[in-house]
Every structure is written in C-alpha cells, then in structure tokens.
Amino acid sequence: MTPKKANIDRIISRTLAGDASNREEKELKDWILEEDEHYLEFKILQESALKGFKERKLLNTDSTFEKVWEAEEPVKKGSHFKIGFSVFKTVAVSAAGLALILLSVFSYRQLVINQEIAQINGQPVMIEKFSPMGQISKVFLPDGSLVWLNADSKLQYSSNFGEKTRTVSLTGEAYFEVKQDQAKPFLVKSGNVAITATGTSFNVNTFYNNSDIEIVLDEGELTIENLFSSLIPGMPLKTTLLPGEKAIYSLRESLFDVDDIQDSFDYTCWKDGVLSFRHADFETVVNSLERWYGVEFTWDGEPDKGWNYTGAFNNEYLESVLKSLGLDGQFSYEINNNAVQLIFSDK
C-alpha cells in the first residue's frame, strides 16, 4: 500500500467516524473525484460500514468498562466469556472498537469491489457470511428476509439472490424469518437436505447430535426434501413440517423422523442469548460451549458415561455455566485465556 493510499484509508476512517477535519474532508473529496474507481470504492465502504454504525451503539456493559458494539434491536451482549452478537459479519470490539471495525472493512475492500464489478458485468458471485466462534450474527438478505447465524456457522448465497430464485446454503445453525413471496419460494440447502418455504419462521441445526440435521418450525409450513431419495428406490422423497413439529434427518440412514414438540423456544432461544441443553451428553455440551464462548476444552479424568444434562443459561458468563455444570458433573475447572481445563473427581 502506498503512503498516499494509507493516508486516504486513515481519512476515510476519520470521516466515517465523524472526526475528519475540513482539510481532510477536502483531501478525500479530491481523491474521490480523481477516478471513477475511487468513487466506487468509497461508495461501497460508506454503504457497508456507515450502515453498520447507524445500527450499533457503543455501550459500557459492566464495571470493567468493557465496550462492545450492539445492535439497536437487542441482538446480543458481548464479552470475552459471553457470546457476542453482531449485525452482518462483525467481531466483538474492545475500547478501540471503531478502529477495528474500520480496519476489518478495509481488509475486505478488494473482495467487495470485485463483487460490485462482477455485478456490473452481469456475472453473479457467491457471497459468504460467517459467524465465528463466540458470536451470533444477524444477516439481512436482499429480499427482506432475516437470518440469525449461530456461532461457527456459515451462510452462502448468490449476488443475484432474489432476482429469479431465493436459495441459500447453510453450514452450522441458523434461524430464518422468511419474507413471503409465493412466486419465489425460499430454499435452504444443507448437506443432503433441501428445505422450501414461502413465508415462515424456522430453525435449522446441522450441529444436532454432532452429525444429523434438526429442523424446527415456528410458523407457517415447510417442505423438506431428501436430495438422495432419487438415488435409492423406495426412499421417501419429501415430508411436510407444520408448526409445533421438528424433523431430524439422519445422515447415516438418509431418513427423516418427524416429532411433535411442546415449545419451539427451547430450540430457538439461542438467538436471544439463551444457551439451552436438552438431555445432552458430555460431548454435546463441550462442543456447544466451545462454539458459544469461543474457547477450547481439555480434561483430566473421565466424565460419567451416563452424562445427561438439561438446563438453560441466559446470557451468562462461562464461569457461571461451568460452576453449575460442575455441581452436576462432579468436576472442577481452570480457565486460562481461551483454554478451559476440566478436572473430574475420582468416584
């Protein structure tokens, strides 16, 4: 990067933050007018970054004056040991949050510009939204649909999404609020499963049982298709899901199992900052905690083979969760930065 370009990046940062001087604003204006590419670059950065700033507010969350960016609509509180919420694809921010946000925007400049140019040339590109471990992201799709993307999850869709079709691919877990459009059904693909909706709310979890896919319907109606069904004679092709039902797709058997549920909130509360377990074994609990808090677990000793935990934690620190689990699972723990060690007591 040339010294001049580095200076322009600094001025853009200050401009978007509202801190630029009159001289800096004039310098930025002159740079924008130099070439059409400069105007395009600033336009993209302004739309992607400034929109995000308007949707966020800087808050002090506790006595340590930890600062995070939080969406105006309650998405989530963040800290090192609480799961962090974000809008679009962002990271939890420290006291230098503004600089980090802008830095991340600049680091994606070329990717965004290439996508914009591809669109101009009529060549659609794939757009990817990723929510890292320890965070939940809120994604606004071009058709007005809303997606909550759980930690360590990825959503992909074409840059021409909504023009003729509405198709997304999911890895991980997401909650969808689909904008109704009978002419353009909303299609979610995940592994061997295709989920079709017109206007409805539902949760898709590919972390279920560490291998299978769990689909829970909140409102509306879903059609779920086994993409392998056409390859195996006699295998069911589709199933319909109604409110109050969940479907589990077994990757091993390539079959659906549909059951009634009492309350869908138990399956979707993660988007509201609630970590919930339902008869979870040790592996499921550890994997969930690693994704939720962005940590890595090791342990000394062996957990009880009959480990079966049911409970919920509402936006709690990791230490509080471990204390509760430790009483049930008979272990102590040590936390060192992002490393967590469990020490199981001898029986």
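Please refer to the structure placed before this passage.
Residues numbered from 1 in each chain as written. Predicted model: local features only at pLDDT ≥ 70, side-chain atom pairs only at ≥ 80, totals over all residues. Heavy atoms only, no water.

Caption draft 1: Structural detail: the side chain of Thr 268. Along the polypeptide, Thr 268 turns up in helix 6 (residues 265-268). Look at Thr 268 and you get buried, because its relative accessible area is 4%. With residues up to four places along the chain from it excluded, the contact list for Thr 268 reads Tyr 175, Asn 203 and Asp 218. (Helix = DSSP H or I, 4+ residues; strand = E, 2+ residues; numbered from the N terminus. Buried < 20%, exposed > 50% of the residue type's maximum accessible area, 1.4 Å probe, protein only. Contact = heavy atoms within 4.5 Å.)

Caption draft 2: Examining the sheet that holds strand 21 (residues 331-336) more closely. If you trace the three strands from one edge of the open sheet to the other, you get 19-22-21, paired in mixed fashion. Two strands in the sheet have a free side with no partner beyond their single neighbour: strand 19 (296-300) and strand 21. Neighbour to neighbour, the strand axes of the sheet diverge by 20° on average, direction disregarded. Relative to strand 22 (residues 339-344), strand 21 runs antiparallel, the two being bridged by six bridges. Across the sheet, the residue bridging to Glu 334 is Gln 341, located in strand 22. Its contacts with the sheet put helix 7 (residues 282-293) on strand 19 and strand 22, and the angle it makes with strand 19 is roughly 140°. (Pairing = 2+ DSSP bridges. Axes fitted to C-alpha atoms, helices over the stretch in contact; angles between N-to-C directions.)

Caption draft 3: Here's a closer look at the sheet that holds strand 4 (residues 126-131). Strand order in the open sheet formed by seven strands is 4-7-8-10-11-14-15, with mixed pairing between adjacent strands. Only two strands of the sheet have a single partner each, and these edge strands are strand 4 and strand 15 (238-241). Going across the sheet, the axis of each strand differs from the next one's by a mean of 20°, ignoring polarity. Two strands pair when backbone bridges link them, and strand 10 (residues 186-190) and strand 11 (residues 193-197) are joined in this way by five bridges, in the antiparallel orientation.

Caption draft 4: Layout of the side chain of Thr 206. For Thr 206, the location among the structural elements is in the loop between strand 12 (201-205) and strand 13 (213-219). Reaching out from Thr 206, the side chain makes a polar contact with the backbone oxygen of Gly 172 at a distance of 2.7 Å. Those residues in contact with Thr 206 that sit more than four places away from it in its chain are Thr 171, Gly 172, Ser 190, Asp 212 and Ile 213. (Polar contact = N/O pair within 3.5 Å; in protein donor to acceptor, adjacent residues only side chain to side chain.)

Caption draft 5: Just the nonpolar core, in detail. Membership of the largest hydrophobic core comes to 28 residues, with the highest contact counts inside it found for Leu 141, Leu 155, Val 168, Phe 176, Ile 195, Phe 202 and Ile 215. When residues no more than four places from it in sequence are discounted, the contact partners of Phe 176 are Leu 146, Val 147, Leu 155, Val 168, Leu 170, Phe 186, Val 188, Thr 200, Ser 201, Phe 202 and Val 204. (Core = buried A, V, L, I, M, F, W, Y, C linked by side-chain atoms within 4.5 Å.)

Caption draft 6: Broad picture of the pairing of strand 15. On strand 15, burial follows the alternation: Thr 239 and Leu 241 on one face are buried, whereas Lys 238 and Thr 240 on the facing-out side are not. Relative to strand 15, strand 14 (residues 222-226) is paired through four bridges, and the arrangement is antiparallel. The residue bridging Leu 222 from the neighbouring strand is Leu 241, located in strand 15.

Caption draft 7: Fine view of the packing of aromatic side chains. In total, this model carries 13 aromatic pairs according to the counting rule given. One aromatic cluster is present, built from ring pairs that chain together Tyr 157, Phe 161, Phe 176, Phe 186 and Phe 202. A cation sits over an aromatic face here: Lys 271 above Trp 148, 4.8 Å from the ring centre. Over the face of the ring belonging to Phe 207 we find Arg 291, whose NZ or CZ atom lies 3.7 Å from the ring centre. (Phe/Tyr/Trp six-rings, centres within 6.5 Å; stacked < 30°, edge-to-face > 60°. Lys NZ or Arg CZ within 6 Å of the ring centre and 35° of its normal.)

Caption draft 8: Seen up close, unusual backbone geometry. The phi angle at His 279 is positive, at roughly 50°, despite the residue not being glycine. One non-glycine residue, Asn 315, adopts positive backbone phi at about 50°. Relative to the helices and strands, Asn 315 resides in the loop between strand 20 (309-314) and helix 8 (318-329).

Caption draft 9: How the structure looks around the pattern of salt bridges. With the rule as written, the count across this model stands at four salt bridges. Across the pair Glu 214 and Lys 246 runs a salt bridge, and its minimum N-O distance is 4.0 Å. Of this pair, Glu 214 sits in strand 13 while Lys 246 sits in strand 16 (residues 245-250); the two residues are 32 residues apart in sequence, bridging distant segments of the chain. For Glu 214, a relative accessible area of 1% corresponds to the buried category. (Salt bridge = Lys/Arg side-chain N within 4 Å of Asp/Glu carboxyl O.)

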